Amino acid sequence: MLIDQFEEVFTDCRKPEERQAFFEALAHLFLHAVPSQMDAEEEGCLRLAITIRSDFEWQLEASEFGQFLLAESRGAYYNIFRLPAMGLDQLRAALTGPAEEEIFQFEAGLVDQILKDLNYAPAALPLLSFSMQKLFQLTVAKGGTDKLGEPIRLFTKHLYADEKEGLGGVSGALRGSADQLYQSLGEVDIATESEAAQATIAIPETPQQQTLRKIILRLINLSEGVATRRRVYHSATGRTDFWSELDYANDQDDAIVKEVLEKLEDAQLVIQGQDLGNGQEYIELAHDSLITHWPTSLQWMQEIGQDNLILQRHLWQAVLDDKKRQAHHDVQANKAKKDSNLSTKTSTLWDQNPKLIQTISAVLAAGTELLQSSEPTALHKAIKRLEKKLVG
């Protein structure tokens, strides 16, 4: 069994009881995969492989499941294989191998130039993948044809490095695609632009640009100061118990969200998919590089602040928890009237969680864009309920 991206157990799973249940299930599998003490010749029928980012390894080892694996009696069946960062030779193979399979060549010196741009960059491999995908598209579109009319299968320095006609290098590949999308969403009236220029003031963001900013920030998760990609679930066909994080207050805002999501997907900056386990549709950033290498997203994170970004995650989780509480309360309404203990437990679940009260109090005091009118409907309803409880 292979479990990939195990760090998401710590970054995306917010409920300790769910994480604990998952760990217990893995421990159960592990115990059935190794020879038992009763029969030393019995062979396990399972091999469990876990991949996890190196900066989250300490969290795995500090967890109950990590301590379970590190126990003396199980040490012989638990091994850690730490993969070193890809060296230049490995990056060279990753760069030239796919090109050779497609019978593409590199102009002399171009491979070394790309590797130089990538050297020591965080998330070098996904950044390389994104850059070469864009360079391939540019080469097919602008590379020209040979005497026989066949496309010239040659990656050139000009198309790779040129800022205007080409890619603009590795950093320009990502920055160019994301900035181009952002600018395309900022078309303003000529008179407005002229007035802003004369008054030496910045042209305000359009609703589409504001929505892009909010979507990108929602697709980022912070854990122990490390920014990672985050899945955002936005629809579930046939589900009446689903609440979309991107469900805005009115149809006009929802139409803008849909427009921006489509353009993000067309630009290959996000991936849309469906969770086979729960049937919910989600979006996530296509590359970690959109967090680490796009100056605009870094600026947005700096402007909103890490505390407020974490606050936003806690608030949404609080909304989901309260929705479940309300659903349970509705189902058990009649029984709750007869059972005072059940009534008390379900009706005060929200109030009795100190972290939720602190979260909502901080949001109400912050006055940040978390409370702007274009925030999702679910957040507004939760804030209003909590505000009444905090005041009254």
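Residues numbered from 1 in each chain as written. Predicted model: local features only at pLDDT ≥ 70, side-chain atom pairs only at ≥ 80, totals over all residues. Heavy atoms only, no water.

1. Here we look at the overall build of the protein
The condition that has to hold: We count a stretch as a helix when DSSP gives it H or I for four or more residues in a row; a strand needs E for two or more, and each element gets its number in order from the N terminus. Each residue is placed in one exposure class: buried if its accessible area under a 1.4 Å probe, protein chains only, is under 20% of its type's maximum, exposed if it is over 50%, and partly exposed if it falls in between. Note on contacts: a residue pair is in contact if any heavy atoms of the two residues lie within 4.5 Å. To be clear on the numbers: accessible area is Shrake-Rupley with a 1.4 Å probe, and residue cover counts the displayed protein chains and nothing else.
Along the backbone of the protein there are 19 helices and nine strands. Among the 392 residues that make up the protein, the fraction classed as buried is 38%. Sequence-distant contacts, at least 24 apart, represent 64% of the contacts inside the protein between residues at least 6 apart. As displayed, the protein offers around 22900 Å² of accessible surface, 52% of which is attributable to carbon and sulfur atoms.

2. A look at unusual backbone geometry
With phi around 50 degrees, Q5 is a residue other than glycine that occupies positive phi space. In this fold, Q5 is placed in the loop between β1 (2–3) and α1 (8–11). Here the phi dihedral of I103 falls at roughly 60 degrees; this positive angle occurs in a residue that is not glycine. Locating I103 in the fold gives a position in the loop between α5 (88–101) and β3 (105–106).

3. Some details on the packing of aromatic side chains
Using the following cut-off: Aromatic pairing here means that ring centres of Phe, Tyr or Trp (its six-membered ring) are within 6.5 Å. Orientation follows from the plane angle: under 30 degrees is stacked, over 60 is edge-to-face, and everything else is tilted. Criterion for a charge above a ring: Arg CZ or Lys NZ at most 6 Å from the ring centre, at most 35 degrees from the ring normal.
For the coordinates displayed, the defined rule picks out 13 aromatic pairs. Among the aromatic residues, those joined into a cluster by ring pairs are F6, F10, F22, F23, F65 and F68. Here the guanidinium or amino end of R231 rests over the ring plane of Y282, the centre of that ring lying 3.9 Å away.

4. A closer look at the nonpolar core
Definition in use: Residues belong to a common nonpolar core when they are buried Ala, Val, Leu, Ile, Met, Phe, Trp, Tyr or Cys residues joined through side-chain atoms within 4.5 Å.
Membership of the largest hydrophobic core comes to 55 residues, with the highest contact counts inside it found for F106, I114, L212, I215 and L264. For this core, the element with the most residues is helix α7 (residues 124–142), which contributes seven residues. Excluding residues that lie within four positions of it along the chain, L264 makes contacts with L181, L212, I215, I216, L269 and V270. With 13 residues, the next largest nonpolar core counts F6, F10, A27 and F30 among its residues.

5. Points about the pattern of salt bridges
When charged atoms on two side chains of opposite charge get close, those side chains can pair. Note the threshold: The term salt bridge refers to a side-chain nitrogen of Lys or Arg lying within 4 Å of a carboxyl oxygen of Asp or Glu.
Scanning the model with the defined rule gives ten salt bridges in all. The partner of R82 in a salt bridge is E57, with the nearest N and O atoms 2.4 Å apart. A residue pair is termed long-range when its members are at least 10 positions apart, and R82 in the loop between α4 (64–70) and α5 and E57 in helix α3 (residues 57–62) qualify at 25 residues. Several salt bridges converge on common partners, so that one network encompasses E57, E61 and R82.

6. Observations regarding the side chain of T96
Among the structural elements, T96 can be located in helix α5. In contact with T96, not counting residues within four places along its chain, are F106 and V111.

7. Notes on the packing of α7 against helix α9 (residues 169–184)
Quick note on the threshold: Only the stretch in contact is used when a helix axis is fitted, and all axes are lines through C-alpha atoms; the angle between N-to-C directions ranges over 0 to 180 degrees. Each angle gets one of four labels, with under 35 degrees taken as roughly parallel, over 145 as roughly antiparallel, 65 to 115 as roughly perpendicular, and the rest as oblique. Residue polarity follows a fixed list, in which Ala, Val, Leu, Ile, Met, Phe, Trp, Tyr, Cys and Pro are nonpolar, Asp, Glu, Lys and Arg are charged, and the others, Gly among them, are polar.
Interaxial distance between α7 and α9 falls to 9 Å at its minimum, and their mutual angle equals 75 degrees. Taken together, the axes of α7 and α9 lie roughly perpendicular to each other. Across from L127, F130, S131 and K134 in α7, the residues of α9 making contact are V170, A173, L174 and S177. For the contact of α7 with α9, the residue count by class is five nonpolar, two polar and one charged.

8. Some remarks on the pairing of strand β9 (residues 280–285)
Heads up, the condition is: Pairing between two strands is assigned when DSSP locates at least 2 bridges connecting them.
Counting buried positions over the six residues of β9 gives five, a clear majority of the element. Taken together, the five bridges between strand β8 (residues 270–274) and β9 define a ladder with antiparallel strand orientation. Its bridge partner being in β9, I271 is matched across the sheet by E284.

9. Structural notes on α5
Put simply, the rule is: A helix is expected to span 1.5 Å multiplied by its residue count minus one. Arc definition: directions from the helix axis to the C-beta atoms.
In a regular helix each residue adds 1.5 Å, so 14 residues correspond to 20 Å; α5 covers 20 Å between its end C-alpha atoms and thus fits that length. Taken together, the buried positions of α5 are L91, L95, T96 and A99. All buried residues of α5 project into a common sector of 110 degrees when viewed along the axis, lining one side. Exposed and facing more than 90 degrees away from the buried side of α5 are D89, E100 and E101. Those residues of α5 that are buried lie in contact with β3, α6 (110–118), α7 and β4 (154–155). Count one or two residues on from α5 and you reach I103, which has phi positive near 60 degrees.

10. Here we look at the confidence of the model for the protein
Where we set the bar: The pLDDT value tells you how sure the predictor is about a given residue, anywhere from 0 up to 100.
For the protein, per-residue confidence averages 75 on the pLDDT scale, and residues scoring 70 or more make up 69% of the total. At the low end of the mean pLDDT range in the protein sits helix α17 (residues 340–347), at 37; at the high end sits β3, at 92. The model gives residues 188–201 a pLDDT under 50, and that stretch makes six contacts with residues more than four places away or in other chains. Confidence over residues 336–350 falls short of pLDDT 50; this stretch has 18 contacts with residues more than four positions distant or in other chains.

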